[in-house]
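Here is what each chain is made of, one letter per residue.
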Amino acid sequence: MPRPDPPASVIIMPKSAALLVHAAAAIHTLTLRDGRCVSMREATLAGFDQIIDDKRVDLIVLLRLHGQYDFAGTERQVIGLKHDEMQILRAAKKRLQTHSTVPLHHKDAVAMALMRMARPEFSRDGLIPSPLTWLEGARLQP
């Protein structure tokens, strides 16, 4: 008899302005990259993959940026993840925790995954222009 699939998990996120802005930007970026509409869950998973592959300096920058925003809120936002996706979340969280001085929770890892996909500081494929390229080809006005 085949084994049933392990149960899915639900991450309950506080609905804050910072979360909504970063989620919308991450969804926008991946929609342009993939050529189809993506969900917040898909954007989060793409962020986890990027966090796992990132260099140490990118993780430190991400942790510092995360500390600048208030992700608290009274309402709740729910993200459902399958069992194998929870393993990816744990791997990304472990990678972030090695560079953090404070304990991280699953909701922090989800917020940072969305930030990772939304912020121009981390853009490598040109969908979000990097601040280093903002002035390329631009002329300074006399």
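Right, let's walk through the structure included here.

What counts, and where the lines are drawn
Throughout, residues of each chain are indexed from 1 in the direction in which the sequence is written. It should be noted that, the model being predicted, local features are given only for residues of pLDDT at least 70 and side-chain atom pairs only at 80 or more, the latter also being counted only at that level, while totals for whole chains, interfaces and linings use all residues. As a convention, hydrogens and water are excluded, and side-chain values are obtained from all of the structure's heavy atoms. Put simply, buried Ala, Val, Leu, Ile, Met, Phe, Trp, Tyr and Cys residues joined by side-chain atoms within 4.5 Å make one nonpolar core. Three exposure classes are used, based on accessible area relative to the maximum for each residue type with a 1.4 Å probe and protein chains only: buried under 20%, partly exposed in between, and exposed over 50%. Every helix listed is a DSSP run of H or I at least four residues long, and every strand listed is a run of E at least two residues long, numbered separately from the N terminus. A contact between two residues is defined here by any heavy atoms of the two lying within 4.5 Å. Every case where a carboxyl oxygen of Asp or Glu lies within 4 Å of a side-chain nitrogen of Lys or Arg is listed as a salt bridge. Here the expected length of a helix is defined as 1.5 Å per residue gap, with one fewer gap than residues.

Quick notes on the nonpolar core
In step 1: Grouped together as the largest cluster of nonpolar side chains are 36 residues, with contacts concentrated most on Phe-48, Leu-81, Leu-96, Val-110 and Leu-114.
In step 2: Looking at this core, the elements that each hand over two or more residues are β1 (9–14), α1 (17–34), α2 (40–53), α3 (56–67), β2 (76–81), α4 (83–97) and α5 (106–118).
In step 3: For this core, the element with the most residues is α5, which contributes 9 residues.
In step 4: Sequence-distant contacts of Phe-48, that is, excluding residues within four places in its chain, are made with Leu-81, Ile-88, Leu-89, Ala-92, Ala-109, Val-110 and Ala-113.

Points about the pattern of salt bridges
In step 1: Tallied over the entire structure, the rule returns 5 salt bridges.
In step 2: A salt bridge links Asp-34 to Arg-33; its shortest N-O distance comes to 2.9 Å.
In step 3: Relative accessible area serves as the criterion here: at 36%, Asp-34 is assigned to the partly exposed category.
In step 4: We classify Arg-33 as partly exposed; its relative accessible area is 41%.

Considering α5
In step 1: Helix length check: α5 (13 residues) gives 19 Å between terminal C-alpha atoms against 18 Å at 1.5 Å per residue, within 8%.
In step 2: By the criterion of burial, α5 is predominantly enclosed, with 11 of the 13 residues buried.
In step 3: Where the residues of α5 are buried, they touch β1, α1, α2, α3, β2 and α4.

Such coordinate-based values are descriptive only and should not be taken to indicate function.
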